[in-house]
Structure formats: structure tokens, C-alpha cells
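Residue-level structural notes
Next come the chains, spelled out residue by residue.
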Amino acid sequence: MTALKGSLRNRFLLSLCAVLCLALLALVAVARFQIMPILLEDEEAFASAELDRIERALGAELNHMRRLVEDWAHWDDTYDFVQGLRPQYVDSNLYESTLETLDLELMVFLDASNEPYWVAGYDEHGEFVSCPGVMPPCDWANASIAFLSRHVAQGLEDATYTWLLAAPGLAMVGLSPIHQSHQETPAAGWLAMVRPLSEPWIEQLRDTTGIELELNPVPAQADLALVLERISPTYMTASRLVPALPSSHALRIDAALPRQRYQASLETFRFALYWTSGVLIATLLIVLWLLERMVLLPLRQLATFTQRLHREAVPPAMPEPLLARHDEIGTLSREFRNLLDHQRQQSDLLRELTLHDPLTGVANRRLFDQRLTELLHHSGTHQCHAAMMIDIDHFKLYNDHYGHQAGDACLITLAQHMEAQLKPLGFLVARTGGEEFSVLLPNTSEDEALRLARELLEAIEALGLDHATSPTSRNVTVSIGIATQQANTVEPGDIMRAADQALYQAKANGRNRAANYQAFDPTTVFDS
């Protein structure tokens, strides 16, 4: 398994196989989460459009009912009839064949008082009856007449109305005020026509729309949205509620629809998916072969050469086929030997950079700690070494007032001045913090270190670097903490902690001064 993973060729093969699997998974994910929702959404749009066609067909039937009831209501004979001026109207017009021809179940004439004037229709036994008012045998129409009278009594405008009825049975109702034709006269009453939505009528609606549909009364619901149920891969049902009377009920349109459009789109996408997968696999195989011939083989030769560099004392010659190449691998091969020399040079330069502060050019903390450790570990019993910790007074105020560029210039000036004064004496100056410097003083006694500190304080203040916001002085000053090697400061960390305590004491005593650390006596302070 390790050899399998270690081979670049095998790793490329595994990677390409993984890419292939991911690509196939991506195609499946695209199909599942993008294409399929689009197809299903398109199918819902198709179902909604089919239900819209059914609703438009119902609307056309309602408009036909509107025109029919208006034709009868705006007929002068009807106007005279409800006013009692044309008794022959019944024999001439309200007979069974009239309702059969008009496909009506009931015709109700209301007078100006909204009372039933004449009723003609088919009773519950399918017998045709025609009589004045709701007297027997027309009392079977009481429920329908009461329903119509309630709507008229609600203050309907002088206009024609059509409704769908969901209870007590499926029907279509047209209601129009009775007027004289071509004359502006008050309505003499209302004419209502009721057409049953019978199975033959629904079958005719199926033929008109070309859709297998059903109309069913259901309790009213607030949501009239489309309900789609996919019964099988080739068949689905779509339902929608449409408003109807009474208000407690609604009319539900149920349509059985084919899924041919969805299946055709799905098959087309699957065909494209299979072809895409095949092309992708073929492409990856070709890429793998080209990769082996053009990249992996010369890379193995180059890898063998580099391994020989480590194993053999005499560097071997670069293989000629690699040097003769005119592509990136050839360039890499030709530059590889130069890179080895350049790497050695860069390593030396990097080592130098890692030991010096990039801003000031003096040693950094790493070099300082390294030299301090070496000095203490190799010093004799009677040798004495010292260290200074130097901090610029109120440097944050300096930065805030003069800006960070001026602050960097101040650090550079002080570092160069301290190194110029102390480096010739064999001492190491290092920048060990933001505005903090440390000085390693080999073979230096405490008195000598204090003397050097006083001279350094005087020299720095003599530079005359303005510091307008300093509470200590008008010029840039420093505070110095000094620690020497003693019985309790034999480790590098001990000496630097002692120097830090002395620096803290120098700051506490007013800054611009030096203080030395002593193990048992109070810290000695020297002003500049």
C-alpha cells in the first residue's frame, strides 16, 4: 500500500479516478438537485396550465349561461309575463322541450317583490312541472328559490350574475334582472336559470378540453392552490379548488394527466448524462496516457538523478535526454545544478538574516540569546560577565506624536550609535523588543558596566533627538538595567530577568538613568 501511494504514477491514477468519481457524483447531484427540480417544476407548470384550461372552459360555459339568461330576461314577453300581462307566455315558452333544449333543470321567475312568480323544471323524480309560485307540485324547488331570494335580498346590483353551485348538487346558476328591451325601465323582477353539471355535461367538457377530469363538491378551504400527486411514472393527478356557492363549499377540479412530457425530458437528460460520462472517462484515460509519456517518465529520471546525488560521493552527470528537452522539464533539469549552488548561497544568507534585526541591522534576540548561552557555558570560574537591558523612554508617545516612520528612524539612529560606541569594545548590541535593546558585555565587571551605562546615557541624550511629548526630557532618552553574573544569576534567563528588574527600577526612579541588580542589596541607580 505504501509503494502504491509513493508512486507518482499511481497517485495520479488514484487522483484521476477520484476526480472521475467526483465528476460522476457531481453529475448525479446536478441531476438530483437541479435538473430534476426543474423537470418537476415544468411538470407542475404543465398541470397548472391544464387546470387553467379547464377553468377557462368553465368560464366559457358561465358566459354562455350569462348570455342565455340575459336573452330571456331582456325579452319584452318575459317583462310582460311577470307583470301578469301575457298569460299565454307559459304555453308558448315554458314547456318541457324548452328546458331540454336549453339543458336546464330549473327556471324561476321572481316578481318585483322578489317573490316566486312562476317555476318550471324537473322535480326530484325527473318529472317536468310548471306552476305559479311554489305551490305543489313545485314545492320541491323551495330550497333553490330560498337560495336565490336570499342573494337577491342582499341588494344585488342591476346586473347579470352567474355562479357555480357545489350544494345541494353540482349546478350552474344564471340570474338576471327582467327588463324591457331597448327601454330604460325599472326591473320587473328576476329570472334565474339552473343548469345541472350532470355526467353527460362533464363528458362534453372532457371532449372540449381533451382532459380526463372530474368535478366534485368539497368543503371550502382557505388554500385554493394546486395539489399534484404523481401516481406512477406515466400518470399523475392534479387538483384545484374553485370558488362556488354556498360559501361553505367549493368545487374541486380533478384532472388525470399524462407524464409524457416529463418522461421525454428525463430520457433526454439521461442520454446526455450517459454520453457525458463516457466522454469524461475517455478523456481522463487519454490524459493519463499523455501524462505518463510527457511528464511522469522524465520526472522519474530526474528523481533517480537526485537520489544518486545523495548516495554517491562524486555528483553524477545529468541524463542527456533530460538536458536535451525543450520544455519545462528540460529547463528544470538544466537549472537544477545551478540551483544547488544558489541554494547553498541562499542558506548562508538566510542564516545571516535570521540572526540580525531587519530594521536596525544589529543582532536580534536569537543571536543575543545564542551568544549569551555560549558565553556563560564556556566561561571560567573567575570570569565575570554583564548584560544591559535598554528601553527607550516614552517611545509610544514618540510614535503617536511623530509617526511610525519617525519612530523607525529613531530606532535606527539609536541602534547605530550604540553599536558604534560598544561594538569596537567587543560588546554585542541586539534589538530584543519593539523599543528594547540588550547589550552583552563579556569579561566586564559591575563597575565597568555602570561606567559604560553612564557614558551611553550621556551620548544618547547628546544626540539631541527631539521628544516634545516626553515627561522626562525634551530629547530622546533611555533607561538601562544592568545585571552581572553572580551566584544566583548563572543561567542566561537569570541574568536577563535580573537586568529586567534593574530596568524596571530605573524607570520607577524617573527614567533617563541606569540601575544595577544586586542579589541582596537595593538596586543602585545612576542618573545620566
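In every chain, residue numbers begin from 1 and rise along the written sequence. The predicted origin of the model limits local features to residues at a pLDDT of at least 70 and limits the giving and counting of side-chain atom pairs to 80 or more, whereas totals for whole chains, interfaces and linings rest on all residues. Water and hydrogen atoms were dropped before computing side-chain values, which therefore reflect all heavy atoms in the structure.

1. Thoughts on the overall build of the protein
The criterion, for reference: Secondary structure elements follow DSSP: runs of H or I no shorter than four residues count as helices, runs of E no shorter than two count as strands, and numbering proceeds from the N terminus. This radius of gyration counts C-alpha atoms alone. The globule rule is 2.2 Å times how many residues there are, raised to the power 0.38. Residue burial is assigned from relative accessible area. The probe radius is 1.4 Å, only protein chains are included, and a residue is buried under 20% of its type maximum, exposed over 50%, and partly exposed in between. Should any heavy atoms of two residues lie within 4.5 Å, those residues are considered in contact. To be clear on the numbers: accessible area is Shrake-Rupley with a 1.4 Å probe, and residue cover counts the displayed protein chains and nothing else. Counting rule applied: Lys, Arg positive; Asp, Glu negative; His and chain ends not counted. A charge is said to be at NZ when it belongs to Lys, at CZ for Arg, at CG for Asp and at CD for Glu.
From N to C terminus, the protein includes 15 helices and 17 strands. Relative to the compact-globule value of 24 Å for 528 residues, the protein shows a C-alpha radius of gyration of 53 Å, a clear excess of over 25%. Reported as C-alpha extents along the three principal axes, the dimensions of the protein are approximately 150 × 75 × 40 Å. Taking all 528 residues of the protein together, 40% fall into the buried category. In the protein, the proportion of contacts linking residues at least 24 apart, taken out of those at least 6 apart, comes to 60%. Here the protein displays about 28,800 Å² of accessible surface, and carbon together with sulfur accounts for 56% of that area. Charge centroids of the protein, computed over 40 positive and 67 negative side chains, lie 18 Å from each other.

2. As for the sheet that holds strand 10 (residues 249-258)
Put simply, the rule is: Strands are treated as partners if at least two bridges between them are detected by DSSP. Only the stretch in contact is used when a helix axis is fitted, and all axes are lines through C-alpha atoms; the angle between N-to-C directions ranges over 0 to 180 degrees.
Ordered by their spatial adjacency, 4 strands build an open sheet running 7-10-9-8, and the pairing between neighbours is antiparallel. Only two strands of the sheet have a single partner each, and these edge strands are strand 7 (212-219) and strand 8 (227-232). Ignoring strand direction, the axes of neighbouring strands in this sheet form an average angle of 25 degrees. As defined by bridge partners, strand 9 (residues 235-243) adjoins strand 10 across 9 bridges and the pair is classed as antiparallel. Residue pairing across strands places L241 opposite R252, the latter belonging to strand 10.

3. Remarks on the pairing of strand 6 (residues 190-196)
Of all 7 residues in strand 6, 7 are buried, a share of seventy percent or more. Burial of the side chains of strand 6 extends over both faces: W190, A192, V194 and P196 are buried on one face and L191, M193 and R195 on the other. The sheet contact formed by strand 1 (residues 106-110) and strand 6 spans 5 bridges and is antiparallel. The residue bridging L110 from the neighbouring strand is W190, located in strand 6.

4. Some details on the packing of helix 13 (residues 404-422) against helix 14 (residues 446-462)
This is how it is decided: The labels follow the angle: roughly parallel below 35 degrees, roughly antiparallel above 145, roughly perpendicular from 65 to 115, and oblique for the rest. Helix crossings fall into two classes, left-handed where the near helix is turned counterclockwise from the far one by less than a right angle and right-handed where it is turned clockwise. Gly falls in the polar group here, along with every residue not listed as nonpolar (Ala, Val, Leu, Ile, Met, Phe, Trp, Tyr, Cys, Pro) or charged (Asp, Glu, Lys, Arg).
Close contact between helix 13 and helix 14 brings their axes to 11 Å; oriented N to C, the two are set at 140 degrees. Compared by their axis directions, helix 13 and helix 14 come out oblique. For the crossing formed where helix 13 meets helix 14, the hand is right-handed. Counting all contacts with helix 13, which are made through L414, H417, M418, Q421 and L422, the residues of helix 14 involved are E455, L456, A459 and I460. Classifying every residue of the contact of helix 13 with helix 14 by side-chain character gives 6 nonpolar, 2 polar and 1 charged.

5. Things to note about the sheet that holds strand 4 (residues 161-165)
In spatial order, the strands read 3-2-1-6-5-4; together these 6 strands make up an open sheet with antiparallel pairing. Of all the strands in the sheet, just strand 3 (128-132) and strand 4 have a single pairing partner and so form its edges. Within the sheet, the average angular offset between the axes of one strand and its neighbour, ignoring direction, is 10 degrees. Note that strand 5 (residues 171-177) and strand 6 share 7 bridges and pair antiparallel. Paired with L175 across the strands is A192, a residue of strand 6. Sitting on the sheet, helix 6 (residues 142-153) is in contact with strand 1, strand 2 (116-122), strand 4, strand 5 and strand 6, with an inclination near 45 degrees to strand 1.

6. Looking at the state of the cysteines
Convention followed: The definition used for a disulfide is geometric: two cysteine sulfur atoms within 2.5 Å.
Considering all chains together, one arrives at 1 disulfide under this definition. Each disulfide pairs two cysteine sulfurs, and for C131 the partner residue is C138, the sulfurs being separated by 1.6 Å. Here C17 stays free of any disulfide, with the sulfur of C21 as its closest cysteine sulfur at 6.7 Å.

7. A closer look at unusual backbone geometry
For the bond running from P136 to P137, omega is 10 degrees, close enough to zero to count as cis. A cis amide bond links L245 to the next residue, P246, at an omega of -5 degrees. With respect to the secondary-structure elements, P246 resides in the loop between strand 9 and strand 10. In the Ramachandran plot, D103 falls in the positive-phi region, its phi being about 55 degrees despite a non-glycine side chain. The topology assignment puts D103 in the loop between helix 5 (96-102) and strand 1. Look at R511: it is not a glycine, yet its phi comes out positive at around 65 degrees. Relative to the helices and strands, R511 is located in the loop between helix 15 (492-508) and strand 16 (513-516).

8. Digging into the environment of L290
Here L290 is to be found in helix 8 (residues 260-311). Separated by 189 residues in the primary sequence, L290 and S479 place their C-alpha atoms 70 Å from one another.

9. Structural notes on the packing of aromatic side chains
Keep this limit in mind: Here is the rule: rings of Phe, Tyr and Trp (six-membered ring for Trp) pair when centre to centre is within 6.5 Å. Planes less than 30 degrees apart are stacked, more than 60 are edge-to-face, and the remainder are tilted. By definition, being over a ring means that NZ of Lys or CZ of Arg is both within 6 Å of the ring centre and within 35 degrees of the ring normal.
This structure, assessed with the given rule, holds 12 aromatic pairs. Pairing W72 with W75 gives two aromatic rings, centres 5.9 Å apart and planes at 85 degrees, and the pair type is edge-to-face. With relative accessibility at 13%, the residue W72 sits in the buried group. Aromatic side chains F81 and F109 sit 5.3 Å apart centroid to centroid with 80 degrees between the ring planes, which places their arrangement in the edge-to-face category. Here the residue F81 occupies a position in helix 3 (residues 76-82), and F109 occupies one in strand 1, the gap between them amounting to 28 residues. Both residues of the pair, F81 and F109, belong to the buried class. Joined through ring pairs, the aromatic side chains of W72, W75, F81, Y89, F109, Y117 and W118 make up one cluster. A cation over an aromatic ring shows up here: R32 above the ring of F33, its NZ or CZ 5.3 Å from the ring centre.

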